[in-house]
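The residues making up each chain are set out below.
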Amino acid sequence: MDLDPTIRTLTLLALLQSGGEWTAADLAERLGTSVRTVRRDAQRLRRLGYTVEARPGPGSAYRLKPGVKVPPLLFTADEITALVAGLHLIRAWLPEDAVASSALLKLDQVLPRPLRRRAAATDLATEVLQQPGAVVAAATVGVIADAVAEDDRLRFRYTDQHGRSSTRLVEPYRHFLRAGHWYLVAFDVDRDDWRTFRLDRITDISPVAGAFQPHAFPDVSIERWLTTDFGRAPARSPGSSAAMPDVGEDGEPGGEVRGGMGPSREDHRHPP
């Protein structure tokens, strides 16, 4: 077996994570390489921050230090910068949830020392001054994500901008950020049409079990669907300066979306 050095090193890590003590000869056989190469790969893991213990002498053996359950992650310094900055943005959107802060703490616990320094530097240097228009709950985002991945339906209570509450049964497609608000794009089963729902107006959300054939999204992208008046207007030519409609402003039947794009299908629209 002639493995790429990176793949071989990660395979060595996986073997060591399975537990117990591995002789250098056994590892060399499993990896299809020499004992000398195993020794070199073990040293590479140590440079990445993994605690690989070795028993020297004849029949030398290797193991991960006991208690190491979640080893350091294989990220570059720039990737860590992106992750930490991104978590700062998420924390601004989820001020009532501790998920972003706890993720930063756990990241610090599992990174090797050089990457911990970069993570701490990025955390110190990054601030988000522009606050979101409305906050959302991490649990709501998670339930939606699972339903999209599993092709499940969702049921939830929805309150429109006039305070009217209703129960919705939907087939979720995607959620997107626009003009300071997060929206869910979904097929509303009872209204037999596609709708957008503000995430901060959704409560009591839960998946609905059962087999069904989900509806295909009616356009090639959400952006095109919005900019073509939900598929009712001709597509703009490439390079057009037409603005994306602000789907969060109006939602009454016959109302106009900002930008003159026609009747809105935003969250609380009811059929005539």
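The following refers to the structure shown. (Residues numbered from 1 in each chain as written. Predicted model: local features only at pLDDT ≥ 70, side-chain atom pairs only at ≥ 80, totals over all residues. Heavy atoms only, no water.)

Focus: the overall build of the protein
- Within the protein, the regular secondary structure consists of 8 helices and 8 strands.
- When burial is assessed residue by residue, the protein has 37% of its 272 residues classed as buried.
- In the protein, the proportion of contacts linking residues at least 24 apart, taken out of those at least 6 apart, comes to 56%.
- Summed over all atoms, the accessible surface of the protein reaches about 15,200 Å², with 53% contributed by carbon and sulfur. (Helix = DSSP H or I, 4+ residues; strand = E, 2+ residues; numbered from the N terminus. Buried < 20%, exposed > 50% of the residue type's maximum accessible area, 1.4 Å probe, protein only. Contact = heavy atoms within 4.5 Å. Areas by Shrake-Rupley, 256 points an atom, 1.4 Å probe, with all protein chains shown as cover.)

Comments concerning the packing of aromatic side chains
- Inspection of every chain in the model, using the stated rule, returns 11 aromatic pairs.
- With a centroid separation of 6.4 Å and 65° between ring planes, the pair formed by Phe 156 and Tyr 158 is classed as edge-to-face.
- Overall, the relative accessible area of 1% leaves Tyr 158 in the buried class.
- For the pair Phe 217 and Trp 225, a centre-to-centre distance of 5.4 Å together with 65° between the ring planes defines the contact as edge-to-face. Both residues of the pair, Phe 217 and Trp 225, belong to the buried class.
- Put simply, the rings of Tyr 173, Phe 187, Trp 194, Phe 217, Trp 225 and Phe 230 touch in pairs and so form one group of aromatic residues.
- It is Arg 174 that lies over the ring of Tyr 173; its NZ or CZ is 4.4 Å from the centre. (Phe/Tyr/Trp six-rings, centres within 6.5 Å; stacked < 30°, edge-to-face > 60°. Lys NZ or Arg CZ within 6 Å of the ring centre and 35° of its normal.)

Observations concerning the nonpolar core
- Residues Leu 12, Leu 16, Leu 27, Val 38, Leu 45, Val 52 and Tyr 62 are the most contacted members of the largest nonpolar core, which totals 16 residues.
- Where this core is concerned, the elements lending two or more residues are helix H1 (5-17), helix H2 (24-31), helix H3 (35-47) and strand S3 (61-64).
- Once residues within four sequence positions are removed from consideration, Leu 45 is found in contact with Thr 9, Leu 12, Leu 13, Leu 16, Tyr 50 and Val 52.
- Counting residues in hydrophobic clusters, the runner-up holds 14 residues, among them Leu 94, Ala 147, Leu 154 and Ala 186. (Core = buried A, V, L, I, M, F, W, Y, C linked by side-chain atoms within 4.5 Å.)

Considerations on the sheet that holds strand S8 (residues 202-208)
- The strand order S7-S6-S5-S4-S8 describes an open sheet built from 5 strands, whose pairing is antiparallel. Looking at the sheet topology across the chains shown, the edges are occupied by strand S7 (193-198) and S8. Strand-to-strand, the axes of this sheet are offset by a mean angle of 45°, without reference to chain direction.
- Pairing of strand S6 (residues 181-188) with S7 involves 6 bridges; the strand directions are antiparallel. Considered in S7, the bridge of Ala 186 is made with Arg 195. (Pairing = 2+ DSSP bridges. Axes fitted to C-alpha atoms, helices over the stretch in contact; angles between N-to-C directions.)

With respect to the sheet that holds strand S2 (residues 52-55)
- If you trace the 3 strands from one edge of the open sheet to the other, you get S1-S3-S2, paired in antiparallel fashion. Unpaired on one side and paired on the other, strand S1 (22-23) and S2 mark the two borders of the sheet.
- Pairing analysis gives 4 bridges linking S2 to S3, with the strands arranged antiparallel. Counted as the bridge partner of Val 52 is Leu 64 from S3.
- Packed on one face of the sheet, H1 meets S1, S2 and S3 and runs near 80° to S3.

Worth remembering: the numbers are spatial, not functional.
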